[in-house]
Amino acid sequence: MPDVKDDPRLAYIVQQRNARFEVCAASGRIILVCEDEGSASHYASLLNEAHRAGYKSGYRDGRNK
């Protein structure tokens, strides 16, 4: 899994701990726990995409004021 420190565009990553997969925020906070890596990766992708879309949209809104 890519590390947030390696790619600052990733706000959420998947970490494996004790036979479970945790979707974690860059701050280390656990957002979601899954039994399989595929589900956790899918949720992390969705969260990262939403984060990117929200950041870009907020930047445009702030710039136009």
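Residues numbered from 1 in each chain as written. Predicted model: local features only at pLDDT ≥ 70, side-chain atom pairs only at ≥ 80, totals over all residues. Heavy atoms only, no water.

1. Remarks on the sheet that holds strand 3 (residues 30–34)
- An order of 1-2-3 is seen for the three strands of this open sheet, with the pairing classed as antiparallel. At either margin of the open sheet sits one strand with a lone partner, and together these are strand 1 (12–17) and strand 3. Here the average twist between neighbouring strands, direction ignored, is 25°.
- With six bridges connecting them, strand 1 and strand 2 (residues 20–25) associate as antiparallel partners. Residue pairing for strand 2: I13 is matched across the bridge by C24. (Pairing = 2+ DSSP bridges. Helix = DSSP H or I, 4+ residues; strand = E, 2+ residues; numbered from the N terminus. Axes fitted to C-alpha atoms, helices over the stretch in contact; angles between N-to-C directions.)

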